[in-house]
Amino acid sequence: MELLGHHQDQRVGVFVDTQNLYHSARDYYERNVNFESLLRFAVGGRRLVRATAYVVEKEGDTSAWPFIYKLSTIGYRVRRMYLTVKETGEGGRPIYEGNWDMGIAADMVRLMPYLDVVVLGSGDGDFVEILEVLMERGIRVEVIAFRETTAQRLIDAVDRFVHLPEIPNPFMEPKNTER
């Protein structure tokens with residue numbers, strides 16, 4: 001039985017803003033997203049054209065490398081960006097910025113001729129305009145994100161919204177900690 005809107009011949013592109021989902025999972029569930037389950041659910045038996053995970057990291061910090069490697073081994077093309085100093089806050093403390101929104105939108109446009117479905121892993125309302133353009137071109141748009149941190153206008157705009165904790169195995173198993 002196919003889900004409404006799912007057909008096995010559909011060509012799917014998956015675009016995941018890892019920072020957006022990481023912070024929501026940590027802040028609301030104290031867990032880490034299972035990006036492998038997310039990808040499996042997003043594709044849902046359809047034809048995957050490309051899955052891209054967008055990562056922001058601090059220059060010289062290697063702590064994200066195992067995560068980046070894992071993403072690449074489970075089927076994501078990983079795009080990386082270094083944080084930049086946006087401004088200096090109180091006490092001279094740097095305020096960093098790393099935002100993939102324009103890169104994600106550009107990748108969606110680049111792949112538009114080859115996709116029937118776009119799945120966005122982010123709750124950021126800034127994507128509404130580009131997603132509406134895709135839908136005007138006949139592309140089905142689905143979002144998988146956390147309801148708590150997803151802009152209502154994003155939910156209202158897309159063909160399908162899925163609350164990430166409702167997919168099978170949405171979170172990584174917690175690491176065993178000795179007490």
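It should be noted that the structure appears before, not after, this text.
Residues numbered from 1 in each chain as written. Predicted model: local features only at pLDDT ≥ 70, side-chain atom pairs only at ≥ 80, totals over all residues. Heavy atoms only, no water.

S.K.: Give a detailed account of the overall build of the protein chain, specifying residues and quantitative values.
M.R.: Looking only at helices and strands, the protein chain features 6 helices and 8 strands. For the protein chain, the N- to C-terminal ordering of α and β elements is β-α-α-β-α-β-β-β-α-β-α-β-α-β. A globule of 179 residues ought to have a C-alpha radius of gyration of about 16 Å, and the protein chain, at 17 Å, matches this closely. If one aligns the C-alpha atoms of the protein chain with their principal axes, the spans along those axes are about 55 × 40 × 30 Å. In the protein chain, which comprises 179 residues, the share counted as buried stands at 44%. In the structure as shown, the protein chain presents an accessible area of about 10500 Å², 49% of it carried by carbon and sulfur atoms. In the protein chain, 22 positive and 27 negative side-chain charges are present, and the distance between their average locations comes to 5 Å. (Helix = DSSP H or I, 4+ residues; strand = E, 2+ residues; numbered from the N terminus. Rg over C-alpha atoms; globule rule 2.2 N^0.38 Å. Buried < 20%, exposed > 50% of the residue type's maximum accessible area, 1.4 Å probe, protein only. Areas by Shrake-Rupley, 256 points an atom, 1.4 Å probe, with all protein chains shown as cover. Lys, Arg positive; Asp, Glu negative; His and termini not counted. Charge placed at Lys NZ, Arg CZ, Asp CG, Glu CD.)

S.K.: Pulling in residues and values, what's your account of the packing of aromatic side chains?
M.R.: Each aromatic ring pair is summarised here by two numbers: the centre-to-centre distance and the angle between the ring planes. Following the criterion strictly, the structure yields 5 aromatic pairs and no others. A centroid spacing of 6.2 Å and a plane angle of 20° characterise the contact between Phe-146 and Phe-171, whose relative ring orientation is stacked. One end of the pair, Phe-146, is in the loop between strand 7 (140-145) and helix 6 (152-157); the other, Phe-171, is in the segment after strand 8 (160-163), and 25 residues separate them in sequence. Phe-171 gets classed as buried once you look at its relative accessible area, which sits at 12%. Ring-pair connections join several aromatic residues into one group, and the members of that group are Tyr-29, Phe-146 and Phe-171. (Phe/Tyr/Trp six-rings, centres within 6.5 Å; stacked < 30°, edge-to-face > 60°.)

S.K.: Give a detailed account of helix 4 (residues 101-111), specifying residues and quantitative values.
M.R.: Burial in helix 4 covers these residues: Asp-101, Gly-103, Ile-104, Ala-105, Asp-107, Met-108 and Leu-111. Buried residues belonging to helix 4 abut strand 1 (11-17), strand 2 (47-57), strand 3 (77-82), strand 6 (117-121) and helix 5 (128-136). (Contact = heavy atoms within 4.5 Å.)

S.K.: Explain the sheet that holds strand 3 residue by residue, including any values.
M.R.: The strand order 3-2-1-6-7-8 describes an open sheet built from 6 strands, whose pairing is parallel. Two strands bound the open sheet, and with one partner strand each, they are strand 3 and strand 8. Going across the sheet, the axis of each strand differs from the next one's by a mean of 15°, ignoring polarity. Where strand 7 and strand 8 come together, 4 bridges link them in parallel fashion. Bridge pairing links Ile-144 to Val-162 in strand 8. (Pairing = 2+ DSSP bridges. Axes fitted to C-alpha atoms, helices over the stretch in contact; angles between N-to-C directions.)

S.K.: So, the pattern of salt bridges: which residues are in play, and what are the values?
M.R.: In the structure shown here, the tally under the stated rule is 9 salt bridges. A salt bridge links Glu-57 to Arg-80; the nearest nitrogen and oxygen atoms lie 2.6 Å apart. Note that Glu-57 is positioned in strand 2 and Arg-80 in strand 3, a separation of 23 residues in sequence. (Salt bridge = Lys/Arg side-chain N within 4 Å of Asp/Glu carboxyl O.)

S.K.: Please provide a residue-by-residue account of the nonpolar core, values included.
M.R.: In globular proteins that are soluble, nonpolar side chains generally tend to be buried together. Ranked by size, the top nonpolar core spans 51 residues in total, and within it Val-14, Phe-15, Leu-21, Leu-38, Tyr-76, Met-108 and Leu-131 carry the most contacts. Each residue touching Val-14, except ones within four places of it in the same chain, is listed here: Leu-39, Ala-42, Val-43, Leu-48, Arg-50, Ala-51, Thr-52 and Val-119. (Core = buried A, V, L, I, M, F, W, Y, C linked by side-chain atoms within 4.5 Å.)

S.K.: Go over the side chain of Arg-46 with me, naming the residues and quoting the values.
M.R.: Mapped onto the elements, Arg-46 comes out in the loop between helix 2 (35-43) and strand 2. For Arg-46, a relative accessible area of 6% gives the class buried. Side-chain polar atoms of Arg-46 contact the backbone oxygen of Ala-42, separated by 2.6 Å. Among the polar contacts made by the side chain of Arg-46, one reaches the main-chain carbonyl oxygen of Val-43 at a distance of 3.0 Å. Excluding anything up to four places from it in sequence, Arg-46 contacts Gly-5, His-6, His-7, Gln-8, Gln-10, Val-12, Val-117, Val-119 and Glu-142. (Polar contact = N/O pair within 3.5 Å; in protein donor to acceptor, adjacent residues only side chain to side chain.)

From the geometry alone we can't say anything about function, so treat these as descriptive.
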